[in-house]
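Examining the three-dimensional arrangement
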Amino acid sequence: MRRLLIGLVTGTMFVAATACGSSDSPGADDGSDKASGGTTTVKVGVIPIVDVAPLYLGQKKGFYSERGIKLSLTSAQGGAAIVPGVVSGQFDFGFSNMTSLLTAQSKNVPVKTVANGVASTGKKGADFAELAVKKGSPLKSAKDVEGKKVAANTLNNICDTSTRESVRKDGGDPSKVKFVEMPFDQMPAAIEGGQVDAACVVEPALATIKAKGGTSIASLFVDVSPELTVAMYFASQQYIQKNPKMVKKFQAATVESLEYADSHPAEVREIITTYTKIPKPLVESLVLPRWPAEPDRRSIERLAELGEQDGLFEKAPDLDKLLP
């Protein structure tokens, strides 16, 4: 989280890949973009994982363009990197896990969620995020990662919190887990090469690990809450105040995209191959998350409780100020 604070001061961030396209410079939201027959380019910070498939699918189906929106999508390593990008104006909207957003709110960072993002399947052993190990690993359950190295895409974040909860529920000591930061797409090779003993990993990297004989030893997000709201789309309070009409358009298009993705898994699997590195043969083995239109507040409250327990927050986050 030290990097989050640095990023907020400097207005910079590490970007793994940058999307093409130029902004039409909408400025203040006067609602004239569609009426004039043009479109407004909206910059969104995302992570190249299965979670954001609805955004790409919605773009392909025209849910955004029919509302006068052209999406410019930029990939980053995690939500903690996207938050400062949104606050500095580099992005209009961003996608982030709830722990990053809760941490930001606890530090009075001016962000607010605008649309739901992704949720756990609620099924143990069949979620889109798992604590995974390589084939033949001696680790058989969450308790076994005591004193071991576990890969997490961002330190002091949702992977840490959920892994610790799985270890705690399995009767282990969560304080003894050693976390190693790395992007999700590097985790399969890191497990195979012995850099880490296990990984808090999401799809499509999870499917890659399983294809090599790896297995899951815990369903981290399910252990936090079966209905866990894992991530949401958000914007800066300044952008929301200056562009209320654009925010409503983005919200409406995103809700339509979420609902469509949730009911068209075949099209989700197809779109995933356009923005991730996963080979087509592995696409069918992916475990898809749920994409409900609305977040589950109770599960977010649980994440906040665990974050406080793990010492991630200097003060308790105010959910009323963060959530719509």
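In this text the structure is predicted, and so the values were computed from the model without any measurement. (Residues numbered from 1 in each chain as written. Predicted model: local features only at pLDDT ≥ 70, side-chain atom pairs only at ≥ 80, totals over all residues. Heavy atoms only, no water.)

**Regarding empty space enclosed by the protein**
Tallying each qualifying case throughout the model produces 1 cavity of 30 Å³ or more. Space inside the largest cavity adds up to approximately 110 Å³. Forming the boundary of the largest cavity are 14 residues, of which I49, D51, N97, I158 and F184 lie nearest the centre. Listed by contribution, the elements that provide at least two residues to the lining of the largest cavity are β4 (93–97), α5 (158–169) and β11 (229–236). At 3 residues, β4 tops the list of elements feeding residues into the lining of the largest cavity. In terms of residue class, the lining of the largest cavity is made up of 10 nonpolar, 3 polar and 1 charged. (1 Å grid on protein atoms, 1.4 Å probe; cavity = no way out; pocket = protein on both sides within 12 Å on 5 of 7 lines; lining within 4 Å. Points joined across faces, edges and corners; volume = space filled by probe spheres on them. Helix = DSSP H or I, 4+ residues; strand = E, 2+ residues; numbered from the N terminus. Nonpolar A, V, L, I, M, F, W, Y, C, P; charged D, E, K, R; others polar.)

**A look at the packing of aromatic side chains**
The tally for this structure, following the rule as stated, stands at 8 aromatic pairs. Arranged with centres 4.0 Å apart and planes meeting at 0°, the rings of Y56 and Y275 form a pair that is stacked. Placement of the pair is Y56 in helix α2 (residues 53–61) and Y275 in the loop between α11 (265–272) and α12 (280–283), with a sequence separation of 219 residues. Owing to a relative accessible area of 14%, Y56 belongs among the buried residues under this scheme. Residue class for Y275 comes out buried when judged on its relative accessible area of 13%. On the basis of an interplanar angle of 5° and a centroid distance of 3.9 Å, the ring pair of F93 and F250 is categorised as stacked. Taken as a pair, F93 in strand β4 and F250 in helix α10 (residues 244–263) lie far apart in primary sequence, 157 residues in all. Classification of F250 as buried rests on a relative accessible area of 0%. (Phe/Tyr/Trp six-rings, centres within 6.5 Å; stacked < 30°, edge-to-face > 60°. Buried < 20%, exposed > 50% of the residue type's maximum accessible area, 1.4 Å probe, protein only.)

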